[in-house]
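Residue strings, one per chain:
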Amino acid sequence: MEIERKFLVRVLPKDLEAYPSQTLEQAYLCTEPVVRIRRSDDTYTLTYKSKGLMSREEYNLPLTAESYEHLKQKADGNIIRKQRYRIPLDCGLTAELDLFAPPFGDLVLAEVEFDSEQQALHFFPPGWFGEEVTWSAEYHNSTLSRKKLQPDT
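Just so we're clear, the structure is a prediction, and the values are computed from it rather than from any experiment. (Residues numbered from 1 in each chain as written. Predicted model: local features only at pLDDT ≥ 70, side-chain atom pairs only at ≥ 80, totals over all residues. Heavy atoms only, no water.)

**Student:** So what's going on with a nonpolar patch on the surface? Residues and values would help.
**Tutor:** A cluster of nonpolar side chains, contributed by Leu 53, Leu 121 and Trp 135, occupies part of the molecular surface with about 320 Å² of accessible area. For Leu 121, the location among the structural elements is in helix 2 (residues 117-121). (Patch = residues over 30% accessible without salt bridge, like charges linked within 9 Å, V, L, I, M, F, W, Y side chains within 5 Å. Areas by Shrake-Rupley, 256 points an atom, 1.4 Å probe, with all protein chains shown as cover. Salt bridge = Lys/Arg side-chain N within 4 Å of Asp/Glu carboxyl O. Helix = DSSP H or I, 4+ residues; strand = E, 2+ residues; numbered from the N terminus.)

**Student:** Tell me about the sheet that holds strand 6 (residues 58-63), and please be specific about residues and values.
**Tutor:** Reading across the sheet, the 9 strands line up as 5-1-9-8-7-2-3-4-6 and stay open at both edges, with antiparallel pairing between neighbours. Here the strands that pair on one side only, and so sit at the sheet edges, are strand 5 (55-56) and strand 6. In this sheet, strand 4 (residues 43-49) lies alongside strand 3 (residues 34-40) in antiparallel orientation, the contact comprising 7 bridges. By the bridge assignment for strand 4, Ile 37 is matched with Leu 46. Contacting strand 2 (21-31), strand 3, strand 4 and strand 6, helix 1 (residues 65-72) crosses the sheet at an angle of about 130° to strand 3. (Pairing = 2+ DSSP bridges. Contact = heavy atoms within 4.5 Å. Axes fitted to C-alpha atoms, helices over the stretch in contact; angles between N-to-C directions.)

**Student:** Quick one: what's the story with the environment of Glu 138, residue by residue and with numbers?
**Tutor:** Relative to the helices and strands, Glu 138 resides in the loop between helix 2 and helix 3 (141-146). Every residue in contact with Glu 138, bar those within four places of it in the chain, is listed here: Thr 143 and Leu 144.

**Student:** Can you explain the nonpolar core? Please cite residues and give values.
**Tutor:** Looking at soluble globular proteins, one finds that nonpolar side chains tend to be buried together. If you look at the biggest cluster of nonpolar residues, it comprises 18 residues, and the most contacted ones within it are Leu 97, Val 112, Phe 114, Phe 123 and Phe 129. It is strand 9 (residues 108-113) that contributes the most residues to this core, 3 residues altogether. Each residue touching Leu 97, except ones within four places of it in the same chain, is listed here: Val 9, Leu 12, Pro 13, Leu 16, Gln 83, Arg 84, Tyr 85, Ile 87, Val 108, Leu 109, Ala 110 and Trp 128. Judged by nonpolar contacts, the second largest core, of 11 residues, contains Tyr 28, Ile 80, Phe 100 and Leu 107. (Core = buried A, V, L, I, M, F, W, Y, C linked by side-chain atoms within 4.5 Å. Buried < 20%, exposed > 50% of the residue type's maximum accessible area, 1.4 Å probe, protein only.)

**Student:** Break down the side chain of Arg 36 for me, citing the residues and quoting the values.
**Tutor:** By the element assignment, Arg 36 lies in strand 3. Although Arg 36 is buried, it forms no salt bridge, and the closest oppositely charged side chain is Glu 58 at an N-O distance of 4.9 Å. The contacts of Arg 36, once residues within four sequence positions are left out, are Gln 26, Ala 27, Tyr 28, Thr 45, Leu 46, Thr 47, Lys 49 and Asn 60. (Lys, Arg positive; Asp, Glu negative; His and termini not counted.)

**Student:** Give a detailed account of the pattern of salt bridges, specifying residues and quantitative values.
**Tutor:** Pairs may arise between side chains of opposite charge once their charged atoms sit close together. Within the structure shown, the criterion is met by 14 salt bridges. For the salt bridge of Arg 56 with Glu 2, the shortest nitrogen-to-oxygen distance reads 3.7 Å. Note that Arg 56 is positioned in strand 5 and Glu 2 in strand 1 (residues 2-8), a separation of 54 residues in sequence. Judged on exposure class, the residue Arg 56 and its partner Glu 2 are both buried. In this structure, the salt-bridge partner of Glu 111 is Arg 84, at a minimum N-O distance of 3.9 Å. Separated by 27 residues along the polypeptide, Glu 111 in strand 9 and Arg 84 in strand 7 (residues 80-88) bring together distant segments of the chain. Taken as a pair, Glu 111 and Arg 84 share a single burial class, namely buried. Connected via shared salt-bridge partners are Lys 6, Lys 82, Arg 84, Arg 86, Glu 96, Asp 98 and Glu 111.

**Student:** Residues and numbers for the packing of aromatic side chains, please.
**Tutor:** Summed over the entire model, instances satisfying the criterion amount to 7 aromatic pairs. Their ring planes at 50° and their centres at 6.4 Å tell us that Phe 123 and Phe 129 sit as a pair that is tilted. Each member of the pair, Phe 123 as well as Phe 129, is classed as buried. Taken together, the ring pairs in this structure connect Phe 7, Phe 114, Phe 123, Trp 128 and Phe 129 into an aromatic cluster. (Phe/Tyr/Trp six-rings, centres within 6.5 Å; stacked < 30°, edge-to-face > 60°.)

Treat this as a map of the structure, not an account of what it does.
Written as structure tokens, this is what we have:
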């Protein structure tokens, strides 16, 4: 079970480069239900996610680099690329801060995962978090993968 809250971020934390990060690339084979492939540096994963906003089932299976590249050719929609920073919070949790690459380069999201819905509902976000978008599917990566992009002019 994945339990997370998601927030827009307008002001980046200071010393961002001091935190560990990884480069992510992900593509969607299906968005209902969500079937995603992801490359995280040199790790490849196939993920299934059920419907839901704050809480949903999630299953991960390892892939080889070859199977990832094969499946990526079958992706439906935009391929999402982002840099993810893992930032420890004062409450003992970790924020995953995603800086998206073009064409979503102005989008910055922070996600925090929880052990229970009760813990999630009692979480008080730090000041550098912006508007909460947990309850909006608009900010799911699977939704971004389906977004129609304007051609460069």
